[in-house]
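Listed below, chain by chain, are the residues.
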Amino acid sequence: MTDNHRFETRTIHDGYEDKSHHNSLAAPIYQTSTFTFETAEAGERRFAGEDPGYIYSRLGNPTVRMLEERIASLENAEAGLAFGSGMAAVSAVLLNLVKSGDHILCSEGVYGCTFGLLKMLEGKFSIDHDLLPLDSVEQIRSAIRPTTTVIYIETPINPTLKLIDLEMIVSVAKEYGIQVVVDNTFSTPYLQRPLEFGCDIVLHSATKYIGGHGDVVAGLVAGSKDAMTSIAKSTQKDIGGILSPFDAWLLLRGLKTLPLRMDRHCANARSIVENLSSHPRVKKVMYPGTETSPSYAIAKKQMKYPGGLISFELDGGKQEAQEFMNKLKMIKIAVSLGDAETLIQHPSTMTHAVVPEGERRRMGISDSLIRLSIGLEAWEDIWEDVLQALE
Ligand code: PYR
């Protein structure tokens, strides 16, 4: 590890040492399910933890380990873990931290499948939750119960792009000994590093900006060595939602250009927001980088740039939103985000369709809300496509 290097350098070098791999510039893909032991006694020693070598790829794989070390470095964490999807990461973390009877305090607004997981934990295991704005110390204090073990937040929140003040959350959570878990998917460690604000665990759908090319589904987690060891030995090992070596390799490759891509995503988003905000058919633009956004001050405090996603409301309802989307020529209609291609989706019928209507309204997801993941194309081409579809 080269921990004295700058972020951009660490995205390229950390976690990989060419000299240990026949001087191969690109990281090798250890495409193997299992690892052989010289003798039966050597196998016994590995299982006993007396010899740190690999055993079986569900328990650890060299290519996956390189990625885990790289994300740990980028999030300024002691250790990292990789999973087969963002939801495998979310479920491994939550199932590791909570038990029946516990209570989770959650941001009022999370990805639809995270909402689904919270409902499953409630229905099957009596793990209760409350979804709240989490925008003041008093509100958080009054929602904390003796059984509250985790505060789980997204910031920016999917898809409303509201921000949660990490410093404020941590200040309350520490008083009560509550773990703070942050889904950092929309920011990436280039824009925001929650552990530096005192949060305990950070996780990602690495499918998005970290992979960056729309060709891999993956999850990443980072935190203290103790927390990662505990997850690795329990919910990761025994539920087994691990990442394949090839997908780890794709992410190692994607990470090398993360800062370059994020700079471009964010610059493009700024240009689109400026134009979109003044269009007469656009009722509201949600972007934490606009000075009128209620999240503007928090964005300044905790993010390098306000990100590459824009949500907005059109005049009209679901029908008008769908008609607008159908008129787009270059922009692709798809869930997911953070790819080179600009993607557009309609949260109330797509990513958040599983959230009951009443809850959706409380989260601020109307039928006219549209989410744009700004890609790496020339911003003028993105805008021209949006503009012709608005006409
Ligand atoms: C999203 O588009 O929000 C997903 O996480 C799939």
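K.L.:
I'm lost on the overall build of the chain in this one. Help?
P.N.:
The number of helices and strands found in the chain is 15 helices and twelve strands. For 391 residues, the compact-globule formula gives about 21 Å, and the C-alpha radius of gyration of the chain, at 21 Å, lands near that figure. Across its three principal directions, the C-alpha atoms of the chain cover 75 × 50 × 35 Å. In the chain, which comprises 391 residues, the share counted as buried stands at 54%. Long-range pairs, those at least 24 residues apart, make up 73% of the contacts in the chain with a sequence separation of at least 6. Surface summary for the chain: the accessible area is close to 16700 Å², and the carbon and sulfur share equals 52%. Within the chain, one finds 39 positive and 50 negative side-chain charges whose respective centroids are separated by 1 Å.

K.L.:
Would you explain a nonpolar patch on the surface in this entry?
P.N.:
Among the surface-exposed residues, Leu 95, Phe 125 and Ile 239 lie close enough to one another that they form a single nonpolar patch of about 260 Å² accessible area. The class of Leu 95 is partly exposed, set by a relative accessible area of 31%.

K.L.:
I'm lost on the state of the cysteines in this one. Help?
P.N.:
Here, disulfide denotes a covalent bond that connects the sulfur atoms of two cysteines. The tally for this structure, following the rule as stated, stands at zero disulfides. Of all cysteine sulfurs, the one in Cys 106 lies closest to Cys 199, which takes part in no disulfide; the gap is 14 Å. For Cys 199, a relative accessible area of 6% corresponds to the buried category. Here Cys 266 stays free of any disulfide, with the sulfur of Cys 199 as its closest cysteine sulfur at 20 Å. Judged by relative accessible area, Cys 266 falls into the buried class, the value being 0%.

K.L.:
Whenever I open this one, the sheet that holds strand 2 (residues 103–107) confuses me. Can you help?
P.N.:
Hydrogen bonds between backbone groups are what pair the strands of a sheet, and the pairing can be parallel or antiparallel. Ordered in space as 1-7-6-5-4-2-3, the seven strands form an open sheet in which the pairing is mixed. Every interior strand has two partners, whereas the edge strands, strand 1 (79–83) and strand 3 (128–132), have only one. Pairs of neighbouring strands in the sheet enclose a mean axial angle of 20 degrees, with direction left out of account. Strand direction decides the pairing type here: strand 6 (residues 201–205) and strand 7 (residues 219–223), joined by five bridges, are antiparallel.

K.L.:
Quick question: what am I supposed to make of the packing of helix 11 (residues 258–277) against helix 15 (residues 379–390) here?
P.N.:
Two measures define how a pair of helices packs: the angle their axes make with one another and the distance between the axes. Look at helix 11 against helix 15: their axes get within 9 Å of each other, and the N-to-C directions meet at 30 degrees. Classified by the interaxial angle, the pair formed by helix 11 and helix 15 is roughly parallel. Pair helix 11 / helix 15 crosses with right-handed handedness. On helix 15, the residues that touch Asn 268, Ser 271, Ile 272, Asn 275 and Leu 276 of helix 11 are Trp 379, Ile 382, Trp 383, Val 386 and Leu 390. Each residue belonging to the contact of helix 11 with helix 15 can be placed in one class, and the counts come to seven nonpolar, three polar and no charged.

K.L.:
Any chance you could explain unusual backbone geometry here in plain terms?
P.N.:
The general pattern is negative phi for most residues beyond glycine and trans for most peptide bonds. In this structure, Pro 156 follows Thr 155 across a cis peptide bond, with omega equal to -5 degrees. Following the sequence through the fold, Pro 156 ends up in the loop between strand 4 (148–154) and helix 7 (166–176). Residue Pro 159 is reached from Asn 158 by a cis peptide bond, and omega for that bond is 0 degrees. On the secondary structure map, Pro 159 appears in the loop between strand 4 and helix 7.

Conventions we followed
- Residues numbered from 1 in each chain as written.
- Predicted model: local features only at pLDDT ≥ 70, side-chain atom pairs only at ≥ 80, totals over all residues.
- Heavy atoms only, no water.
- Helix = DSSP H or I, 4+ residues; strand = E, 2+ residues; numbered from the N terminus.
- Rg over C-alpha atoms; globule rule 2.2 N^0.38 Å.
- Buried < 20%, exposed > 50% of the residue type's maximum accessible area, 1.4 Å probe, protein only.
- Contact = heavy atoms within 4.5 Å.
- Areas by Shrake-Rupley, 256 points an atom, 1.4 Å probe, with all protein chains shown as cover.
- Lys, Arg positive; Asp, Glu negative; His and termini not counted.
- Charge placed at Lys NZ, Arg CZ, Asp CG, Glu CD.
- Patch = residues over 30% accessible without salt bridge, like charges linked within 9 Å, V, L, I, M, F, W, Y side chains within 5 Å.
- Salt bridge = Lys/Arg side-chain N within 4 Å of Asp/Glu carboxyl O.
- Disulfide = S-S within 2.5 Å.
- Pairing = 2+ DSSP bridges.
- Axes fitted to C-alpha atoms, helices over the stretch in contact; angles between N-to-C directions.
- Parallel < 35°, antiparallel > 145°, perpendicular 65-115°, else oblique.
- Left-handed = near helix turned anticlockwise from the far one by under 90°.
- Nonpolar A, V, L, I, M, F, W, Y, C, P; charged D, E, K, R; others polar.

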